[in-house]
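In case you want the letters, here they are:
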Amino acid sequence: MIEQAQSYYEILDIPPDASVEEIRTAYLRVKSAYSKDSLALYSLMDATENQRYIEQAEEAYRVLSNTEKRREYDRHHGILLASEDLERDNIIHFDRVPPMEGLDSEDLLIPPTTDIKATQKQSYSMDHWMGTTDVTSEISSDPIRPPPTEPYSNISKATINRPSLQPETIVETQSPSYESPTQTQINREILTETEFKGPFLRKVREARHLSIEEMADHTKIKRQYVRAIEEEDFNQLPAPVYVRGFVIQYAKMLRLPHDRVSNAFMNRYHLAKKNKAS
Amino acid sequence: MEGRLDFIQDTDLETRELLRLKGETDFLPRAQAHTRVRQIWAVGGGKGGVGKSLISSSLAISMARMGHKVVAIDLDLGAANLHTTLGVDMPDRSLSDFLLNRANKLDDCITATSIPNLYLIAGASDSMSVANINTEQKQKIIQNLRTIDADYLLIDLGAGTNVNTIDFFLISDLSLLVLLPEPTSIENAYRFIKTAYFRRLKLVPSLSPIFPIIDAAMDPKNNEGIKTPSDLFKEVNRLHPELGTQLKDEITKFKPKLILNQVRTQTDIDIGFSIKTVTKRYFGIDMDYIGYVDYDSSAWQAVRRKKPIMTEFPTSKVVSSIDRMTQYLFKRHGHLRNDL
């Protein structure tokens, strides 16, 4: 870039409303482009310049990857308008939800379908993953071919044998060289998916290269709940109002249509509770 | 100093023609508003042998198959061989006929190919080369390109960074850059981008106060210590702060598209992303990485047979990659006018 003073967002070449996933991808991209043996630098950049830039990118990532530090940075640099700030708070920050008891949380009682702004954002994000948005998004989703693949985290045998699994989520265990479905494939599956059961959510999470820990970290949902959602272990989950909020957070994090995901999940949740009661 | 002034005037004159024909300026009424040609696509890349002609001909075939009338033009004047990659014997008519006034219109130089909808203007077969055509001849080509009876023109450019080649690249609506994941090709591609980049800036008359700074930046051993576009920008902001924003605007208008050819591994593919990242930082330009073509021996087999790979090996991965790129370009950048 040409400017002298750059914001962290400019250094990583991402929009100020970039998701955690986008920030991560951008950082890895910069690291790889400026690594010592990168061919892309040949004849253009000198070593000191590269080193300086890598350090800048690391600093930018250190701050932006941390929700608290990022918020502070944004406020300090006036990056978010008040309305945007509110919107982001509404979407990401679950830590303001009171503990399990008490039902006075306004945030959670807002039905997801009325969250028009977030829905628009969501459809933009879907476009983004499908590689159909504008130039800025192209790097994370190759328009012509699927992006680089990475080894799939192993799906435990227990999960695979669960009878509730959809056929397409069953993974060939015989072949150890199995690679993750690429983002493009996953996005295609998301488009046709209707049930969004736990194992499917898990599959998407792994395709997005997020660990349970990272998910818990960014959404402020306890790890045990993340696991319970993915295993559809309804007994381990708290009161419906919280569960709904968790699932929405979870789905937004993965750029899934959160209203559909949460509705489907809550239907199963209530059904399970009802069966148990009767 | 006098020489420099001449150059500015010369550039000024060309600008009016070049950018007006492209429809990019608003300071002059757009000429030939009812031209038949919807878009000009140009394929360049700096280094020779990176597959420009092969990719040009394949894209042209792909576009024609999608139902557009396409004329492929070989502007690699000294080393024309687009006709060979299209499976056409050296035609009787070529661009030289037009340049030497043996033909009145570019339309008269067109040769049909075996592919429906696809036509060819072959490169010169005589001693004429792109480096030695003069400014009038270049202007003559540029001014007449959009009068050709076709939906799309596809220009195959020669290797090197000759000013004529660069200008043909710049007057196109869509500039495609082909390179290989190899240091030599990357080096030449960067030189090509750099040359086109500065040339592009010098085609804007209102930036004329900063032309001396641009000239300095183009000379790697300049006294002002301007080494990178970023230095140029700082210098402009220091001396002519009023032009800083405009300079930035002009830079963002320059958006070449990147195609990586002959990739063998995922690492090769990723080089395209890295190049995009690095050019964004170094030049401040958004280069769209539109796709890559796998290394495939059917490419040279097709050349041996003097036939297009698109028709000889319809199932090869090259063909599907090219088709996807064409679709993408039509969708993203194609001219959607339906009034013709």
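In this report, we go over the structure that sits alongside the text. (Residues numbered from 1 in each chain as written. Chains lettered and ligands numbered in written order. Predicted model: local features only at pLDDT ≥ 70, side-chain atom pairs only at ≥ 80, totals over all residues. Heavy atoms only, no water.)

1. Description of the overall build of chain A
Along its length, chain A carries 14 helices and 0 strands. When the helices and strands of chain A are listed from N to C terminus, the series reads α-α-α-α-α-α-α-α-α-α-α-α-α-α. Residues classed as buried in chain A amount to 49% of the 278 residues present. Considering only intrachain contacts with a sequence separation of at least 6, the fraction spanning at least 24 residues in chain A is 65%. On chain A, roughly 14,300 Å² of surface is accessible, and the fraction owed to carbon and sulfur atoms is 53%. (Helix = DSSP H or I, 4+ residues; strand = E, 2+ residues; numbered from the N terminus. Buried < 20%, exposed > 50% of the residue type's maximum accessible area, 1.4 Å probe, protein only. Contact = heavy atoms within 4.5 Å. Areas by Shrake-Rupley, 256 points an atom, 1.4 Å probe, with all protein chains shown as cover.)

2. A few points about the packing of helix α5 (residues 135-145) of chain B against helix α6 (residues 163-171) of chain B
Between two packed helices, both the angle of their axes relative to each other and the distance between the axes serve to describe the pair. Residues and elements named next belong to chain B. The N-to-C vectors of α5 and α6 enclose an angle of 15°; their axes lie 11 Å apart at closest approach. Regarding the angle of α5 to α6, the classification is roughly parallel. Relative to α6, the crossing made by α5 is right-handed. The residues of α6 that touch α5, namely those facing Lys138, Ile141, Ile142 and Leu145, are Asn164, Asp167, Phe168 and Ile171. Of the residues contributing to the contact of α5 with α6, the split by class is 5 nonpolar, 1 polar and 2 charged. (Axes fitted to C-alpha atoms, helices over the stretch in contact; angles between N-to-C directions. Parallel < 35°, antiparallel > 145°, perpendicular 65-115°, else oblique. Left-handed = near helix turned anticlockwise from the far one by under 90°. Nonpolar A, V, L, I, M, F, W, Y, C, P; charged D, E, K, R; others polar.)

3. Here we look at the nonpolar core
Counting 97 residues, the largest nonpolar core has Leu12 of chain A together with Leu145 and Ile148 of chain B as the members making the most contacts within it. The greatest single-element share of this core, amounting to 9 residues, is contributed by helix α7 (residues 183-202) of chain B. Beyond its immediate sequence surroundings of up to four residues, Leu12 of chain A is in contact with Ile23, Ala26, Tyr27, Arg29, Val30, Ala57, Ala60, Tyr61 and Leu64 of chain A. Core analysis: the second largest hydrophobic core is formed by 39 residues, Leu82, Leu154, Leu174 and Val293 of chain B among them. (Core = buried A, V, L, I, M, F, W, Y, C linked by side-chain atoms within 4.5 Å.)

4. Observations concerning the sheet that holds strand β7 (residues 257-263) of chain B
Residue and element names in this part refer to chain B. Here 8 strands make up an open sheet; going across it, the order is β3-β4-β2-β5-β1-β6-β7-β8 and the pairing mixed. Either end of the sheet is taken by a strand with one partner, and the two such strands are β3 (110-112) and β8 (288-294). The mean angle between the axes of side-by-side strands here comes to 25°, regardless of whether they run parallel or antiparallel. Alignment of strand β6 (residues 174-179) against β7, held across 4 bridges, turns out to be parallel. Within β7, the position partnered with Leu179 by the bridge is Leu260. Against the sheet, helix α11 (residues 266-283) makes contact with β6, β7 and β8, and its axis sits at roughly 155° relative to β7, the strand it touches most. (Pairing = 2+ DSSP bridges.)

5. Considerations on the packing of aromatic side chains
Tallied over the full model, the rule gives 17 aromatic pairs over all chains. With centroids separated by 5.2 Å and ring planes inclined at 25°, the aromatic side chains of Tyr225 of chain A and Phe246 of chain A adopt a geometry described as stacked. Taken together, the positions of Tyr225 of chain A in helix α12 (residues 223-231) and Phe246 of chain A in helix α13 (residues 240-253) put the pair 21 residues apart, joining distant regions of the chain. With a centroid separation of 5.1 Å and 65° between ring planes, the pair formed by Tyr152 of chain B and Phe330 of chain B is classed as edge-to-face. Highlighted residues: Tyr152 of chain B in strand β5 (residues 152-156) and Phe330 of chain B in helix α14 (residues 317-333), separated in sequence by 178 residues. The buried category is assigned to Tyr152 of chain B, whose relative accessible area is 1%. Since its relative accessible area comes to 11%, Phe330 of chain B is described here as buried. Within the aromatic cluster, the residues linked to one another by ring pairs are Tyr197, Phe198, Phe254, Tyr282 and Phe283 of chain B. Above the ring of Phe98 of chain B, the side-chain terminus of Lys140 of chain B is found at 4.4 Å from the ring centroid. Above the face of the Tyr295 of chain B ring, Arg264 of chain B is positioned so that its terminal group lies 3.9 Å from the ring centre. (Phe/Tyr/Trp six-rings, centres within 6.5 Å; stacked < 30°, edge-to-face > 60°. Lys NZ or Arg CZ within 6 Å of the ring centre and 35° of its normal.)

6. Thoughts on helix α2 (residues 52-65) of chain B
Residues and elements named next belong to chain B. The terminal C-alpha atoms of α2 lie 20 Å apart, and with 14 residues this matches the ideal 20 Å at 1.5 Å per residue to within 8%. Burial of α2 is extensive: 12 of the 14 residues sit out of reach of the surface. Among the residues making up α2, those that are buried are Lys52, Ser53, Ile55, Ser56, Ser57, Ser58, Leu59, Ala60, Ile61, Ser62, Met63 and Ala64. Trailing α2 by a residue or two, Gly67 shows a phi angle of about 100°, which is positive. (Expected span 1.5 Å × (residues − 1).)

7. A few points about the pairing of strand β4 (residues 118-121) of chain B
On a regular strand, each side chain points to the face opposite its neighbour's, so the side chains alternate between the two faces of the sheet. Residue and element names in this part refer to chain B. Of the pairings in the sheet, the one linking strand β2 (residues 70-74) to β4 comprises 4 bridges and is parallel in character. Paired with Val70 across the strands is Leu118, a residue of β4. The pairing of β3 with β4 spans 3 bridges and is classified as antiparallel. Bridge pairing in β4 places Thr111 opposite Leu120. Between the end of β3 and the start of β4, which pair antiparallel, lie 5 residues, with Asn117 showing a positive phi angle near 75°.

8. Some points on unusual backbone geometry
Residue and element names in this part refer to chain A. Phi at Asp13 takes a positive value of approximately 55°, unusual for a residue other than glycine. Among the structural elements, Asp13 can be located in the loop between α1 (8-12) and α2 (20-33). The exposure class assigned to Asp13 is partly exposed, which follows from its relative accessible area of 32%. For His209, which is not glycine, the phi dihedral falls at a positive 60°. Tracing the chain through its elements places His209 in the loop between α10 (198-207) and α11 (212-219). Judged by its relative accessible area of 23%, His209 is partly exposed.

Spatial relationships are all this shows, so hold off on functional conclusions.
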